[in-house]
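Now for the letters of each chain:
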Amino acid sequence: MVLPIQASSIVGMRLIRRLKNEGRISELPQMIYLDSAHEEHETFLELQLAWDILQPGGILLGDDYVWSSVRNDVNKFAKMMGLPAEDPKPWEEKGCGS
């Protein structure tokens, strides 16, 4: 199921959790693409909310890792969760990847 929601990441993820709890949707996302707000600590909160609603084995994607606020929050979240976080290759930073 694709559920487009026109809202901030935080509002959208809280809505998805509520819809699931109310039985209005049958499953949580298998994949989440997070376009962060780029504010320090806000990306960390967005990552926590996304991780909480992501199905086990799901995929969490994002961009703007070159922003220091995003990179710091991603690295902090990855460390907290025991997940690897690696700097992207230069071609990935420029959006020139395959």
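Thresholds, definitions, all that
- Residues numbered from 1 in each chain as written.
- Predicted model: local features only at pLDDT ≥ 70, side-chain atom pairs only at ≥ 80, totals over all residues.
- Heavy atoms only, no water.
- Helix = DSSP H or I, 4+ residues; strand = E, 2+ residues; numbered from the N terminus.
- Buried < 20%, exposed > 50% of the residue type's maximum accessible area, 1.4 Å probe, protein only.
- Polar contact = N/O pair within 3.5 Å; in protein donor to acceptor, adjacent residues only side chain to side chain.
- Core = buried A, V, L, I, M, F, W, Y, C linked by side-chain atoms within 4.5 Å.
- Contact = heavy atoms within 4.5 Å.
- Phe/Tyr/Trp six-rings, centres within 6.5 Å; stacked < 30°, edge-to-face > 60°.
- Lys NZ or Arg CZ within 6 Å of the ring centre and 35° of its normal.
- Expected span 1.5 Å × (residues − 1).

Student: Help me out: how do you make sense of the side chain of His38 in this one?
Tutor: Structurally, His38 is set in the loop between strand S1 (31-34) and helix H2 (42-53). His38 gets classed as buried once you look at its relative accessible area, which sits at 18%. Among the polar contacts listed, one links the side chain of His38 to the side chain of Asp64, at a separation of 2.5 Å.

Student: In this structure, what is going on with the nonpolar core? I would like to understand it.
Tutor: As a rule of thumb, nonpolar side chains are buried together in soluble globular proteins. One finds Met13, Ile16, Ile32 and Ile53 to be the most contacted residues of the largest nonpolar core, which totals 15 residues. Counting only elements with at least two residues in this core, the list comes to helix H1 (9-21), S1 and H2. Here this core gets five residues from one element, more than from any other, and that element is H2. Ignoring anything within four residues of it in the chain, the contact list for Ile16 reads Leu3, Ile5, Ile25, Leu28, Pro29 and Ile53.

Student: How do you make sense of the packing of aromatic side chains when you look at a structure like this?
Tutor: Enumeration according to the criterion identifies two aromatic pairs in this entry. Both rings, one in Phe44 and one in Phe77, keep their centres 6.1 Å apart while their planes meet at 75 degrees; by these two values the pair is edge-to-face. One end of the pair, Phe44, is in helix H2; the other, Phe77, is in helix H3 (residues 68-81), with 33 residues separating them in the sequence. Judged by its relative accessible area of 11%, Phe44 is buried. Residue Phe77 is classed as buried on the basis of its relative accessible area, which comes to 5%. Note on Trp51 and Phe77: the rings are 5.9 Å apart at their centroids and 70 degrees apart in plane angle, and the pair reads as edge-to-face. Here Trp51, found in helix H2, pairs with Phe77, found in helix H3; they are 26 residues apart in sequence, far enough to count as distant. For Trp51, a relative accessible area of 34% translates into the label partly exposed. One aromatic cluster is present, built from ring pairs that chain together Phe44, Trp51 and Phe77. Sitting over the ring of Phe44, Lys76 keeps its end group 4.3 Å from the ring centre.

Student: Could you clarify how one ought to interpret H2 in this entry?
Tutor: The end-to-end C-alpha distance of H2 is 17 Å, a good match for the 16 Å that 12 residues give at a rise of 1.5 Å each. Of the residues making up H2, those classed as buried are Thr43, Phe44, Glu46, Leu47, Leu49, Ala50 and Ile53. The secondary structure elements touched by the buried residues of H2 are H1, S1, strand S2 (59-62) and H3.

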